[in-house]
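Each chain is listed here by its residues.
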Amino acid sequence: MTARRLASGGLVDRSRPVRFSFDGKSYGGFAGDTLASALLASGVRLFGRSFKYHRPRGVLSAGSEEPNALVEIGAGAKREPNTRATVVEAYDGLVASSQNRLPSLKFDLLGVNALLSPVLAAGFYYKTFMWPASFWEKLYEPLIRRAAGLGRNAGLADPDHYEKQTAFCEVLVIGGGRSGIAAALRAGRDGARVILCDEDFALGGRALAEGEAVDTAALLALPNVRVLTRCTVFGVYDGGTYGAVERVTDHLAAPDPALPRQRLWKIVAKTCVLAAGAIERPLLFGSNDLPGVMLAGAVRTYINRFAVAPGRRAVLFADHDDAARTIPALAKAGIALAAIVDPRLDIPAATREAAAQAGAAVFAGARVRRALGKRGVGAVEIVTADGAVTRLRCDLLAMSGGWNPALQLTTCLGGKPVWDEERGVFLPGTLPPGMSVVGRAAGALPSTSSSATLRVEDIAGKAFIDFQNDVTVSDVKLAKREGFVAVEHLKRYTTLGMGTDQGKSSSLNGLATMAALTGRGIRQTGTTTFRPPYTPVAIGALAGAHRGKHFRPTRLTPTHGWAAAHGATFIETGAWLRAQYFAQPDEDWLAATSREVNTVRNAVGFCDVTTLGKIDIQGPDAAKLLDCVYTNGWSNLAVGKARYGLMLREDGFVMDDGTTTRLAENHYLMTTTTANAAKVMQHLELCRQWLFAPLNVQIVSVTDQWAQLAVAGPRARDVLRAVVDPEHDISNAALPYMGAATLSICGGLAARLFRLSFSGELAYELVVPAHYGAALAARLMEAGAPHGIVPYGTEALGVMRIEKGHPAGNELNGQTTAPDLGFAKLLSKRKDFVGRTMAAQPALTDPARPTLVGLRPVDPAARLRGGAHLLPQGVPAIAANDHGHVTSVCFSPTLGHWIGLGLLKNGPARHGEIIRVHDPIRDGDLLTEVVAPVFFDPQGSRLHA
């Protein structure tokens, strides 16, 4: 038995002792303990230092509302700061340490901040560190950065893993106390699917703290009821959706590596019963933050549930009848009760009788003026009803200003609490759809508080309202003097309620203080907004498994294995890994790329273009949707034909381009760029569901369903004739440029063939189900062998598109318009489309805007580099003379020198002009001729062959 552990009683399992460490010292406890209860049992009162003043702090509460006892759990990469010792389960091997102290908990050099409290009052950061200005960077900012923040980040990758799960039910019950158990039992017996969530590791709620028996057997026996302990519902969202975090293995010394540390639940429920209970309210007096000052309900919790005596000699300071339950609990623990202090004059006879049995003095109409002590309570100073001041020795001050319904979750969707003047509490107001509130959360409190508690008294010393953020009564007074009387202004000026506890124990006292100072009632003063999460949620739990490559998995094309076997070098393009080039022995990237380009220009090659976004669009209003999202018209597109389309954002800038093919009367297939596939899908959904609703059309991404291989070059048709089944005519007359056909290949495999060209050559895109992609690549190599076919990668693809002047990712950078890219004729004047109005604004149609041009070095041996600035000759290289920049460059094996595309002011009017390409980063400077962006086959005769 440890120093403060009772010899019997409690709900801890004395047959299962545990050992843990705190600040490097070993302690003992039992299974069923929290870290707070085990340390209290060992005689520890000092748990941490306060955020701003570094005052010594102990345990205030026994639940998730705890603002003081914040500790670090774990070590190394597993270290997690700001964990409430009151909810951490004690287990063998637990490592915990105090935080916010330098160098140690008992001797903290930053305790000097308490002496500087007049300077560090509310809003001090707005008024200080202003002069001299030269001190900011050298002195003020480094000091502030060292002192700012609460707790330390581990600074290492999180070694744990997390998971997400979705559950559906008819009834969600939040809270596992008596009211929650009763609600879940009734719904379960009615046959409903029920989920009950409770943040504690044991069901029973407040009954456990009061030493009362709770029967859960009937509930746990129901097969249609799922009980999730260690599971906190932290938020309420639209559509009957609730967020919850289950702490799966946080309480285990050696968890199964297959289990997650925590699990994020998305619970979709038809109805919800909130049975979250109530949170005890502190009282305001000087030095009410000293270790040994505890909420009376928490004192009963440690005695009844954990068999721990939090002190040896106590004073009870409370203003309501329920607090009298603390008197027999103290006697049970062998704690002497020195006095009961109650602001009410009419103290019930039962309370007086219990006090007499305990040998305690009763001070009616009195209050505690301040607590006395250095690192813990040693005495209290009491102001009696007649104004006299007396001192009483004690090491435990149990206080209670009543109970506040835990209604935070009722406000997540905008509902406002309603002030009940008679009971002195806020009650739930407008509830989220489908939610009902029962028990203490609904206002069924054991007793009400006296209005005397809600007055600002003549307090000696610092009286803390928000313990976590060191907000005092004097801070609220200062906020009132400086005009920050609106509750939201008060919150931000003083940081009241902005800690990890979200003001659970401080909010009402702060509002009451401001109400008293302004002479308004609490109803008129109002309340701040409670926002999720109800308790802190680890970022890892929100991310779940989506981190590292799981956050953005590398997607492989259907031909990836085939390409790897044929010597491909790969590159990441968006989320995909694509073949960049296929080098032969003794070839570098440039030689391989040039060989691939030359082969396509003179014979034939093929490239996997599966990564292009593919969106299937079907329905009677499919053409209307296309007219809405594309700048050009689509209603007149014939079946079996494709068309190039340009898409704008709502601000008039180009978002994406691609082709769309009409496969049937009400069936279209859209292709997008690889990088913007997801963005375009989102945009289409926005247009379909909102901007142009109602439209009778459905869309679905089919990018992963199809393998798509481009076959390009003068011999492309010859290769395809050996692959396409003979009954299908793919001649130029039957399948002209921008044509499409549904056909079969290789003896009956259903496929699609599109006559499209990104290279400027005679080209097709052959589409088959994704799992046939590698086989198709092998078949094309076999069929193309007599014609010298080669596979080519993204480098060759990029070279050929630059030679043809096709804008791509570097030009579609979110800052270019259709005229900038030479696509002004695609802006229809006969229909509406997204971005039409903004695209017509003068700033976006100014001919002086940077416009797409081609760039050819005057010296054929010179190398262009992307990103270089375009300047007129003979002017200084300054921003004022910057006329544009180089967007894309390549070595053109077709032309035998480097070429580039760029955006240049008044570009079309400057063809033939010699300009300067200035590259200060890479110390380059050369002259180039401005030319048309199409370097090769400007008439397009090759792609129509």
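Nothing here was measured: the structure is a model prediction, and the numbers come from that model.

Chemist: Please explain the overall build of the protein chain as it appears in this structure.
Modeler: Within the protein chain, the regular secondary structure consists of 23 helices and 48 strands. Projected onto the principal axes, the alpha-carbon positions of the protein chain cover approximately 110 × 70 × 55 Å. In the protein chain, of all internal contacts separated by at least 6 residues, the share reaching a separation of at least 24 is 65%. If you sum the accessible surface of the protein chain, you get close to 39300 Å²; carbon and sulfur atoms cover 55% of it. Computed over 101 positive and 86 negative side-chain charges, the inter-centroid distance for the protein chain is 5 Å.

Chemist: Which parts of the structure should I look at to understand the sheet that holds strand S6 (residues 80-84)?
Modeler: Within a beta sheet, neighbouring strands are joined by backbone hydrogen bonds and run either parallel or antiparallel to one another. A sheet is described by the order of its strands in space; here five strands give the open sequence S2-S1-S7-S5-S6, paired in mixed fashion. Either end of the sheet is taken by a strand with one partner, and the two such strands are strand S2 (25-31) and S6. Mean inter-strand twist for the sheet, computed between neighbouring axes without regard to direction, equals 40°. Both strand S1 (residues 13-22) and S2 contribute to a ladder of seven bridges, which runs antiparallel. Residue pairing across strands places Phe20 opposite Tyr27, the latter belonging to S2.

Chemist: In this structure, what is going on with the sheet that holds strand S33 (residues 613-618)? I would like to understand it.
Modeler: The five strands lie next to each other as S34-S35-S36-S33-S37, forming an open sheet whose pairing is antiparallel. Of all strands in the sheet, those with a lone pairing partner are strand S34 (642-648) and strand S37 (698-701), marking the two edges. Across the sheet, the axes of successive neighbouring strands diverge by a mean angle of 25°, strand direction being ignored. In this fold helix H17 (residues 622-629) packs onto S33, S34, strand S35 (654-664), strand S36 (667-672) and S37, with an angle of close to 30° to the strand it touches most, S36. Packed onto the sheet, helix H18 (residues 677-691) meets S33, S34, S35, S36 and S37 and runs at close to 165° relative to S37.

Chemist: Which parts of the structure should I look at to understand the pairing of strand S43 (residues 850-857)?
Modeler: The two faces of a sheet get side chains in turn, since along a regular strand they alternate between them. Counting buried residues along S43, six of its eight residues qualify, which places the element largely inside the surrounding structure. Where S43 lies against strand S46 (residues 897-905), six bridges are found, and the strand directions are antiparallel. Bridge pairing in S46 links Gly854 to Leu901. With four bridges joining them, S43 and strand S48 (residues 924-931) adopt antiparallel strand pairing. When the bridges of S48 are listed, Leu855 appears paired with Val930.

Chemist: Looking at this structure, how should I read a nonpolar patch on the surface?
Modeler: The grouping of Leu686, Trp690 and Leu691 at the surface amounts to a nonpolar patch, some 320 Å² of accessible area in total. Relative to the helices and strands, Leu691 is located in helix H18.

Chemist: Please explain unusual backbone geometry as it appears in this structure.
Modeler: Peptide bonds are, in most cases, trans, and in most cases residues other than glycine have a negative phi. Residue Pro532 is joined to Pro533 through a cis peptide bond whose omega torsion reads 5°. By the element assignment, Pro533 lies in the loop between helix H13 (522-525) and helix H14 (539-543). Cis rather than trans, the peptide bond between Ala693 and Pro694 has omega equal to 0°. With respect to the helices, strands and loops of the structure, Pro694 is situated in the loop between H18 and S37. Located in the positive-phi region is Ala307, a residue other than glycine, with phi close to 55°.

Chemist: Sorry, what's going on with a positive patch on the surface here?
Modeler: A contiguous patch of positive charge, built from Lys25, Lys106, Lys374 and Arg375, is present on the exposed surface. Looking at the element boundaries, Lys374 is found in the loop between strand S19 (367-372) and strand S20 (379-383). On the accessibility criterion, Lys374 (69% relative accessible area) is exposed.

Chemist: Whenever I open this one, the side chain of Ser21 confuses me. Can you help?
Modeler: You can see Ser21 is positioned in strand S1. A relative accessible area of 17% places Ser21 in the buried class. In this structure Ser21 touches Ser26, Leu94, Val95 and Ala96, once residues within four positions along its chain are discounted.

Chemist: Help me understand the pairing of strand S17 (residues 336-342) in this model?
Modeler: With six of seven residues buried, S17 lies mostly within the body of the structure. Examined bridge by bridge, strand S16 (residues 313-318) and S17 share five bridges and lie parallel to one another. Bridging across to S17, Val315 finds its partner in Ala339. Bridging between S17 and strand S18 (residues 361-364) involves four bridges; their strand directions are parallel. Bridging across to S18, Ala339 finds its partner in Ala361. As for the winding sense of the linkage, the β-α-β connection from S17 through helix H9 (residues 349-358) to S18 is right-handed.

Chemist: What is the right way to look at the confidence of the model for the protein chain in this model?
Modeler: One rule of thumb: low pLDDT means the predicted coordinates there are not for detailed reading. Residues of the protein chain with pLDDT of at least 70 account for 96%, and the chain-wide mean is 93. Confidence drops under a pLDDT of 50 for residues 450-454, and excluding neighbours within four residues, the segment shows 12 contacts in the predicted structure.

Chemist: I tried to follow empty space enclosed by the protein on my own but got confused; where do I start?
Modeler: Gaps left between atoms show up when a probe the size of a water molecule is rolled over them. Following the criterion strictly, the structure yields nine cavities of 30 Å³ or more and no others. Considered as a void within the structure, the largest cavity measures approximately 170 Å³ in volume. As for the largest cavity, its lining consists of 14 residues, of which Asn404, Phe426, Ser507, Leu508 and Phe530 are closest to the centre. When contributions to the lining of the largest cavity are tallied by element, the ones reaching two or more residues are strand S23 (403-405), strand S25 (425-427) and helix H12 (507-518).

Chemist: Is there a simple way to explain the packing of helix H10 (residues 473-481) against H12 in this structure?
Modeler: Between H10 and H12, whose axes approach to 10 Å, the crossing angle comes to 50°. When the interaxial angle is binned, H10 and H12 end up oblique. The chirality of how H10 crosses H12 is right-handed. Facing Val473, Val476, Lys477, Ala479 and Lys480 of H10, the residues of H12 in contact are Gly510, Thr513, Met514, Leu517 and Thr518. Along the lines of polarity and charge, the residues of the contact of H10 with H12 split into five nonpolar, three polar and two charged.

Chemist: Is there a simple way to think about helix H7 (residues 296-304) in this case?
Modeler: Given 3.6 residues per helical turn, the α-helix brings residues three or four places apart onto the same face. Counting buried positions over the nine residues of H7 gives nine, a clear majority of the element. Ala296, Gly297, Ala298, Val299, Arg300, Thr301, Tyr302, Ile303 and Asn304 are the residues of H7 that are buried.

Chemist: For this particular structure, what's the right way to read the packing of H10 against helix H11 (residues 487-494)?
Modeler: Packed helices, taken two at a time, are described by the angle between their axes plus the distance between the axes. Remark: H10 packs on H11, axes separated minimally by 10 Å, with the N-to-C direction vectors making an angle of 125°. Judged on the interaxial angle alone, H11 and H10 are oblique. As H10 runs across H11, the sense of the crossing is right-handed. Residues Asp475, Val476, Leu478 and Ala479 of H10 form the contact with H11, whose own contacting residues are Leu490, Tyr493 and Thr494. Residues belonging to the contact of H10 with H11 are distributed by class as follows: five nonpolar, one polar and one charged.

Chemist: Just checking my understanding: could you explain the state of the cysteines for this structure?
Modeler: Two cysteines whose sulfur atoms are joined by a covalent bond form what is called a disulfide. Scanning the entire structure with this criterion turns up zero disulfides. Free of any disulfide, Cys231 has its nearest neighbouring cysteine sulfur in Cys197, separated by 3.9 Å. Judged by its relative accessible area of 1%, Cys231 falls in the buried class. Take Cys607: it sits in no disulfide, and the sulfur closest to it among the cysteines is that of Cys890, at 15 Å.

Chemist: When you look at the pattern of salt bridges in this model, what are you seeing that I'm missing?
Modeler: Side-chain pairing between opposite charges can occur once the charged atoms of the two side chains come close. According to the stated counting rule, one finds 48 salt bridges in the structure shown. The partner of Arg391 in a salt bridge is Glu381, and the shortest N-O contact between them spans 3.5 Å. A residue pair is termed long-range when its members are at least 10 positions apart, and Arg391 in strand S21 (residues 389-393) and Glu381 in strand S20 qualify at 10 residues. Given a relative accessible area of 53%, Arg391 falls into the exposed group. On the basis of relative accessibility, which here comes to 5%, the residue Glu381 falls in the buried class. Via salt bridges that share partners, Arg178, Arg206, Glu210, Glu212, Arg300, Asp322 and Arg325 belong to a single interconnected network.

Chemist: Explain H10 here, please?
Modeler: Turning to H10, its buried residues number three or more, namely Val473, Asp475, Val476, Leu478 and Ala479. Gly483, located one to two residues past H10, shows a positive phi value of around 90°.

What counts as what
Residues numbered from 1 in each chain as written. Predicted model: local features only at pLDDT ≥ 70, side-chain atom pairs only at ≥ 80, totals over all residues. Heavy atoms only, no water. Helix = DSSP H or I, 4+ residues; strand = E, 2+ residues; numbered from the N terminus. Contact = heavy atoms within 4.5 Å. Areas by Shrake-Rupley, 256 points an atom, 1.4 Å probe, with all protein chains shown as cover. Lys, Arg positive; Asp, Glu negative; His and termini not counted. Charge placed at Lys NZ, Arg CZ, Asp CG, Glu CD. Pairing = 2+ DSSP bridges. Axes fitted to C-alpha atoms, helices over the stretch in contact; angles between N-to-C directions. Buried < 20%, exposed > 50% of the residue type's maximum accessible area, 1.4 Å probe, protein only. Patch = residues over 30% accessible without salt bridge, like charges linked within 9 Å, V, L, I, M, F, W, Y side chains within 5 Å. Salt bridge = Lys/Arg side-chain N within 4 Å of Asp/Glu carboxyl O. Right-handed = clockwise from strand over helix to strand, strands pointing away. pLDDT = per-residue confidence, 0-100. 1 Å grid on protein atoms, 1.4 Å probe; cavity = no way out; pocket = protein on both sides within 12 Å on 5 of 7 lines; lining within 4 Å. Points joined across faces, edges and corners; volume = space filled by probe spheres on them. Parallel < 35°, antiparallel > 145°, perpendicular 65-115°, else oblique. Left-handed = near helix turned anticlockwise from the far one by under 90°. Nonpolar A, V, L, I, M, F, W, Y, C, P; charged D, E, K, R; others polar. Disulfide = S-S within 2.5 Å.

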